Amino acid sequence: MIHFLSRSFLFSAIVLLLSTTFLAAQTQKPTVYILATGGTIAGTGSSSTAAQYKPGDIGVELLLAAVPELSEIAEVKGEQVVNISSQDMTTQIWLSLAHRINEILLQEHVAGVVITHGTDTQEETAYFLNLTVKSHKPVVLTGSMRPSTALSADGPRNLYNAVACVVAPESKGQGVMLLMDDRILSADDVSKTHTLNVSTFQSPNYGPIGYMYDGKPIFIRSSHKRHSLHSEFDVSTLNDLPRVEIIMGYAGANDLFIRAAVQAGVKGIVYAGVGNGNAPAAALEALAAAAQQGIAVVRSSRLPSGPSTQGNEVDDNRLGFAASWMLNPQKARVLLMLALTKTTDYQEIQRMFWEY
Ligand code: DGL
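Summarised in this report is the structure supplied together with it. (Residues numbered from 1 in each chain as written. Predicted model: local features only at pLDDT ≥ 70, side-chain atom pairs only at ≥ 80, totals over all residues. Heavy atoms only, no water.)

1. Structural notes on a nonpolar patch on the surface
Turning to step 1, where the next piece is worked out: Judged by side-chain polarity, Tyr211, Tyr213, Ile218 and Ile220 come together as a nonpolar surface patch covering roughly 440 Å² of accessible area.
Turning to step 2, where the next piece is worked out: The residue tyrosine 213 is located in strand E11 (residues 210-213) in this model.
Turning to step 3, where the next piece is worked out: Look at tyrosine 213 and you get exposed, because its relative accessible area is 60%. (Patch = residues over 30% accessible without salt bridge, like charges linked within 9 Å, V, L, I, M, F, W, Y side chains within 5 Å. Areas by Shrake-Rupley, 256 points an atom, 1.4 Å probe, with all protein chains shown as cover. Salt bridge = Lys/Arg side-chain N within 4 Å of Asp/Glu carboxyl O. Helix = DSSP H or I, 4+ residues; strand = E, 2+ residues; numbered from the N terminus. Buried < 20%, exposed > 50% of the residue type's maximum accessible area, 1.4 Å probe, protein only.)

2. Considerations on the site of the ligand
Turning to step 1, where the next piece is worked out: Close to the ligand lie Gly39, Thr40, Tyr53, Ser85, Ser86, Gln87, Gly118, Thr119, Asp120, Ser144 and Met145.
Turning to step 2, where the next piece is worked out: With respect to the ligand, the side chain of threonine 40 contributes an N or O atom lying 2.9 Å from an oxygen atom.
Turning to step 3, where the next piece is worked out: Residue serine 144 places a main-chain N or O atom 2.7 Å away from an oxygen atom belonging to the ligand.
Turning to step 4, where the next piece is worked out: When the free accessible area of the ligand is taken as 280 Å², the share hidden by the protein chains comes to 93%.
Turning to step 5, where the next piece is worked out: Across the shell around the ligand, the residue classes tally to 2 nonpolar, 8 polar and 1 charged. (Near = heavy atom within 4 Å. Polar contact = N/O pair within 3.5 Å; in protein donor to acceptor, adjacent residues only side chain to side chain. Nonpolar A, V, L, I, M, F, W, Y, C, P; charged D, E, K, R; others polar.)

3. Details of the sheet that holds strand E13 (residues 244-248)
Turning to step 1, where the next piece is worked out: Taken in spatial order, the 4 strands of this open sheet run E13-E14-E15-E16, and their pairing is parallel. What marks the edges here is a single partner per strand, and that holds for E13 and strand E16 (322-323).
Turning to step 2, where the next piece is worked out: In terms of strand pairing, strand E14 (residues 268-273) meets strand E15 (residues 296-301) through 6 bridges, oriented parallel. Paired with tyrosine 271 across the strands is arginine 299, a residue of E15.
Turning to step 3, where the next piece is worked out: Helix H6 (residues 256-263) contacts E13 and E14 of the sheet and is inclined by roughly 165° relative to E14.
Turning to step 4, where the next piece is worked out: The sheet strands contacting helix H7 (residues 281-292) are E14 and E15, and the helix crosses E14 at an angle near 160°. (Pairing = 2+ DSSP bridges. Contact = heavy atoms within 4.5 Å. Axes fitted to C-alpha atoms, helices over the stretch in contact; angles between N-to-C directions.)

4. Quick word on helix H10 (residues 346-355)
Turning to step 1, where the next piece is worked out: Of all the residues in H10, the buried ones are Tyr346, Ile349, Gln350, Met352 and Phe353. Down the axis of H10, the sector holding all buried residues measures 155°, keeping them to one side.
Turning to step 2, where the next piece is worked out: Among the structural elements, E15, helix H8 (316-319), E16 and helix H9 (329-339) are those in contact with the buried residues of H10.
Turning to step 3, where the next piece is worked out: For H10, the N-terminal cap is aspartate 345; the gap from its side-chain oxygen to the backbone nitrogen of glutamine 347 is 3.2 Å. (Arc of directions from axis to C-beta.)

5. Some remarks on the pattern of salt bridges
Turning to step 1, where the next piece is worked out: In this structure the tally under the stated criterion is 15 salt bridges.
Turning to step 2, where the next piece is worked out: Residue aspartate 316 pairs with arginine 299 through a salt bridge whose shortest N-O separation is 2.7 Å. With a gap of 17 residues between them, aspartate 316 in helix H8 and arginine 299 in strand E15 connect regions that are remote in the sequence. The same class applies to aspartate 316 and to arginine 299, which are both buried.
Turning to step 3, where the next piece is worked out: Ionic pairing is found between arginine 351 and glutamate 355, a salt bridge with its closest N-O pair at 2.8 Å. Placement of both arginine 351 and glutamate 355 in helix H10 is noted, with a separation of 4 residues, approximately one turn of the helix.
Turning to step 4, where the next piece is worked out: By relative accessible area, arginine 351 is classed as partly exposed at 21%.
Turning to step 5, where the next piece is worked out: The class of glutamate 355 is partly exposed, set by a relative accessible area of 26%.
Turning to step 6, where the next piece is worked out: Connected through salt bridges with shared partners, the residues Arg226, Glu232, Glu348, Arg351 and Glu355 form a single ionic network.

Structure below.
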């Protein structure tokens, strides 16, 4: 009899344990890390209508406090990485972000990471992380065009949407995303297109990969470019990147800045050319001389959209140049810096520009 009672007690104890574990799992919210770097989303002005403001003025705790609704969808953990205007973003901060994100995403209970960031260079940071984060878990960058003190500040809504996007299962495997004004943009094509508008971020070649609606991401496409776990770049042991400069082409441009860059010891030059990545004769000659000295040269375009194609008006194969294909100059620089950690061969570099 006692044997029977102890067995039924044990059985009911196991059932109770399993059901509480199951219930806990159902009610436990996913963990999302918020890595704050500054920008307008952390900015403050003298009044809610003042145009002038100071970016990077409040910390991550105040950013989170402004969105109490976050606690309904996730366990958020805030970390202050830096508090800067993003025009002061550096490759060292990029590398520390990549190292920290890869460390965070190894934790099984973590759903993903949101980075709050100034908008001026957010597209560059997003693309760098798209090539260096080694996880299929979502990483979403966001920011704002109005400071935290502004009337109709856009930061709190963008922050809520970014966390809501990260906790959604369908966000896995999408690569690094940039989310603002309810639009989800892939890191490989997102670009800031307007100095003031809250809808400044666009994807000029492919369009958004999705939209936020009713607190959930609705994906309409996925990036067809290599990223995250499918990227060949590993920065885990790096604390710096090869120096690459961008030089802009325009009517009357000559070799002045190209020669200065070569003199400064750059490892790569991205030429933001006119039209399909074209350069005036004097500049082209200086670029060819740089390539002869072993400096990697990538032709890109100052235009907002369209590919910079190999062998159009410029004989890239003869000169040893690569063309940036769909990447704008600022993203081409990111890829070239990473490419130069692996190769200086222009044909291998060209392969990377087709694939990433
Ligand atoms: N200085 C700009 C930056 O931090 C402010 C613009 C913004 O964040 O929207 O990128």
